[in-house]
Amino acid sequence: MANIFQSRKILKKITTSVFWFSVGFILSGTILASIILFYFQQSYKNKVIPGVFIDNTYIGEKNRDQVEKIYSDKNIKVGKSTIIFSVDGFSATASAATLGIGYDTNLITEQALGLGKTKSLLTDTYLILASYINGTFLAASYTFDEQSLTKNISEIKKAIHKEPMDAQFKVEGNRVVAFQESHDGQDVDSETLNQRLKDLIPQLAREKNPKIVAVDIPIKVLHPNTTTEEANNFGIVEPIGVGKSTFYHSIPGRIYNVALATSRINGVLIAPNEEFSFDRALGDVSAYTGYQQAYIIQNGRTVLGDGGGVCQVSTTLFRAILNAGLPITERHAHAYRVGYYEQDQPPGLDATTYVPTVDLKFKNDTGHHILIQAYADTTNLSLTFTLYGKSDGRQVEISKPVLSDVSAAPPDLYQDDPTLPVGIIKQVDFAAPGGKSVFTRKVSRNGQVIISESFVSVYKPWQAIFLRGTKT
């Protein structure tokens, strides 16, 4: 019993001694740390504590002015670099100094001077000792002027900016009277561009000499509020075929008729499995329906008649139908080669019509409605037909027309005309060589051929005819 009591007394003494030793050690350490901290905070009150590096630059023991000068000098060098911004053939050049690119001198200085000078005894002591013994390495901070960047690329932004376009779709009867396909817009992606520039700054700062750096301007897509598909319930989503032609050197009456006939076809809506008839959609062609006189082929002669130029419209639509891969159920070539249809295409890509006996027809086998949109540019004398619908994946291959059996035009024919004064000669028909044009079209879907056909156009040689006045 006595031994146990004696052991407890010894243990108690040891525990008490350890406790007071620990308290003394902590108090001594605290006092020592306080002295060290007080010394450093007083000695480096307006300086950076020893051992501090920004990247590989030593700034320990330097005052505010010295730190600021170090990075101001560095910024002068960085500012001499040149940055070229470019996109879609547009470019803008600016110096790094103009864009405010460089070290963030104020932030670096404040962060460096604040090290070891908080109100936390343990934290400050640790930072000071660690820095003094092993060094403290901080990453540099950088800056650039976003407003200056926006100003420097403002012309590029104007050039590439496009507002998105909402779809319009209004139907009256079987005709679309208001149509506008939706289009995505675009603009400079400023957020991404800013980030690209920020990522570039450390590289420029590390360079020993000024550099010229190219930066691609990122573009973001601006989506419309209403897409073409959302604007209608006919399944019309996209263009499925386009046809074009030009009609340079047309007389005013022909230009007028081309525009009028185009307006009569524009907006026609074709239901699934419906057969489209050009003659039916066009209606009567005469002076009573607004057409003017222009040259037409009638009874083997080129004469002035109501509606000359309508075949420019049927020819252009024929080309759109070909390109769309739709089945053509009726098409007729002209009797002779007409120069208007060879201004932008080889012979054989024409289609004549004559209401109500000669027609151009095709069938809508796409499973969705088809909308015909046409635009006659009477200033540049061009015509465009676009068929809108929904692609079913069909692929179209059209060979280049091959012309054979070419025959020269017959000699010019002069005919006396007692209604014209003597000495007056008037050309009423125009020479054209004859020939045979052949091209093929193959339409495939899902790897299977659904249409394979040849288009053969046989053109007669055509004689120029002149009327010679005999009236005295």
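Residue positions are given per chain, counting from 1 as you read along its sequence in written order. In keeping with the model being predicted, local features are shown solely for residues with a pLDDT of at least 70 and side-chain atom pairs are shown and tallied solely at 80 or more, while totals for entire chains, interfaces and linings include all residues. Based on all heavy atoms of the structure, the side-chain values leave hydrogens and waters out of the count.

**Q** What's the story with the pairing of strand β27 (residues 448–459) in this structure? I'm lost.
**A** Side chains on a regular strand alternate between the two faces of the sheet. Two strands are said to pair when DSSP picks up at least two bridges between them. The secondary structure listing takes helices from DSSP runs of H or I that are at least 4 residues long and strands from runs of E that are at least 2 residues long, numbered from the N terminus. Bridge count between strand β26 (residues 434–445) and β27: 11 bridges; the pairing is antiparallel. Pairing of Lys436 across the sheet is with Val458, part of β27. Two successive antiparallel strands, β26 and β27, enclose a turn made up of two residues, where Asn446 displays a positive phi of approximately 55°.

**Q** It is not clear to me how the sheet that holds strand β25 (residues 425–429) should be interpreted in this structure. Could you clarify?
**A** Within a sheet, neighbouring strands are paired by backbone hydrogen bonds and run either parallel or antiparallel to one another. As summarised here, the arrangement of the three strands in space is β24-β28-β25, forming an open sheet in which the pairing is mixed. Because the sheet does not close on itself, it has two edges, and the strands there are β24 (413–421) and β25. Within the sheet, the average angular offset between the axes of one strand and its neighbour, ignoring direction, is 35°. Inter-axis angles, ranging from 0 to 180 degrees, are taken between N-to-C directions of lines fitted to C-alpha atoms, where helices are fitted over the stretch in contact.

**Q** What is the right way to read the environment of Gly423 from this model?
**A** Secondary-structure assignment places Gly423 in the loop between β24 and β25. Here the term buried applies to any residue with accessible area under 20% of the maximum for its type, exposed to any over 50%, and partly exposed to those in between, with areas from a 1.4 Å probe on protein chains only. Gly423 gets classed as exposed once you look at its relative accessible area, which sits at 65%. Sequence separation between Gly423 and Arg468 is 45 residues, and the spatial gap between their C-alpha atoms is 7.2 Å.

**Q** So what exactly am I meant to see when it comes to the packing of helix α2 (residues 64–78) against helix α3 (residues 105–114) here?
**A** When two helices pack together, you describe them by how their axes are tilted relative to each other and by the distance separating the axes. Two numbers describe how α2 lies on α3: the axes approach to 9 Å, and their chain directions differ by 145°. Relative to α3, α2 is oriented so that their crossing is right-handed. Packed against α2, whose contacting residues are Arg64, Val67, Glu68, Tyr71, Ser72 and Asn75, the element α3 presents Thr105, Asn106, Ile108, Thr109, Glu110 and Leu113 at the interface. When residues are sorted by character, Ala, Val, Leu, Ile, Met, Phe, Trp, Tyr, Cys and Pro go into the nonpolar class, Asp, Glu, Lys and Arg into the charged class, and all the rest, Gly among them, into the polar class. In terms of residue class, the contact of α2 with α3 is made up of four nonpolar, five polar and three charged. Take the far helix as the reference: if the near one is turned anticlockwise from it by less than a right angle, the crossing is left-handed, and if turned clockwise, right-handed. We call two residues in contact whenever any of their non-hydrogen atoms come within 4.5 Å of each other.

**Q** Where do I start with the side chain of Thr136 in this structure?
**A** Along the polypeptide, Thr136 turns up in strand β6 (residues 136–138). Leave out the neighbours within four places in its chain, and Thr136 touches Gly51, Val52, Phe53, Leu115, Leu127 and Ser131.

**Q** Please clarify how a nonpolar patch on the surface should be interpreted in this entry.
**A** The grouping of Leu129, Tyr132 and Ile133 at the surface amounts to a nonpolar patch, some 340 Å² of accessible area in total. The topology assignment puts Ile133 in helix α4 (residues 121–134). With relative accessibility at 63%, the residue Ile133 sits in the exposed group. Without a salt bridge and with relative accessible area above 30%, a residue can belong to a patch; like charges are then joined within 9 Å and nonpolar side chains (Val, Leu, Ile, Met, Phe, Trp, Tyr) within 5 Å. Only the protein chains shown count as cover for residues, and all accessible areas are computed by the Shrake-Rupley method using a 1.4 Å probe. A side-chain nitrogen of Lys or Arg and a carboxyl oxygen of Asp or Glu constitute a salt bridge if their distance falls within 4 Å.

**Q** Help me understand the sheet that holds strand β19 (residues 361–363) in this model?
**A** Taken together, three strands build an open sheet; the order of strands is β15-β19-β18 and the sheet is antiparallel. Edge positions in the open sheet fall to β15 (275–277) and β18 (328–330), since each of these has one partner strand only. Between one strand axis and the next, the sheet turns by 25° as a mean value, whatever way the strands run. For β18 and β19, the ladder comprises two bridges, and the chain directions are antiparallel. Residue Ile328 lies in a different strand from β19, and its bridge partner there is Phe362.

**Q** It is not clear to me how the pattern of salt bridges should be interpreted in this structure. Could you clarify?
**A** Where charged atoms from two side chains of opposite charge approach closely, those side chains can pair. Counting across every chain of the model gives 15 salt bridges. Across the salt bridge formed by Arg394 and Asp392, the nearest N and O atoms sit 2.8 Å from each other. Relative accessible area serves as the criterion here: at 24%, Asp392 is assigned to the partly exposed category. Two residues, Lys442 and Glu397, come together in a salt bridge whose shortest N-O distance is 3.9 Å. In this pair, Lys442 sits in strand β26 while Glu397 sits in strand β22 (residues 395–398), placing the two residues 45 residues apart along the sequence. Look at Lys442 and you get partly exposed, because its relative accessible area is 33%. Counted as one network, the salt bridges with shared partners bring together Asp365, Asp392, Arg394 and Arg445.

**Q** Sorry, what's going on with unusual backbone geometry here?
**A** Trans peptide bonds make up most of the peptide bonds, and negative phi angles are found at most residues other than glycine. Across the junction of Val355 and Pro356, the peptide omega takes the value 5°, indicating a cis bond. Phi at His249 takes a positive value of approximately 70°, unusual for a residue other than glycine. Considering the arrangement of structural elements, one finds His249 in the loop between β13 (238–246) and α9 (252–265).

**Q** Could you clarify how one ought to interpret the pairing of strand β28 (residues 465–471) in this entry?
**A** Relative to β28, β24 runs parallel, the two being bridged by six bridges. The partner of Asp417 across the bridge, within β28, is Gly469. With four bridges joining them, β25 and β28 adopt antiparallel strand pairing. Of the residues in β28, the one forming a bridge with Asp429 is Ile465.

**Q** Would you mind showing me how to read the packing of aromatic side chains here?
**A** Aromatic rings considered in pairs are described by the distance between their centres and by the relative angle of their planes. Two rings from Phe, Tyr or Trp (for Trp, the six-membered ring) form a pair when their centres sit within 6.5 Å of each other. Planes less than 30 degrees apart are called stacked, planes more than 60 degrees apart edge-to-face, and all others tilted. For the coordinates displayed, the defined rule picks out 12 aromatic pairs. Each ring, one from Tyr414 and one from Phe466, has its centre 4.8 Å from the other, and the planes form 15°; the classification is stacked. One end of the pair, Tyr414, is in strand β24; the other, Phe466, is in strand β28, and 52 residues separate them in sequence. Connected via pairs of aromatic rings, a cluster forms that spans Phe169, Phe179, Phe234 and Tyr388.

That is the geometry; function is a separate question.
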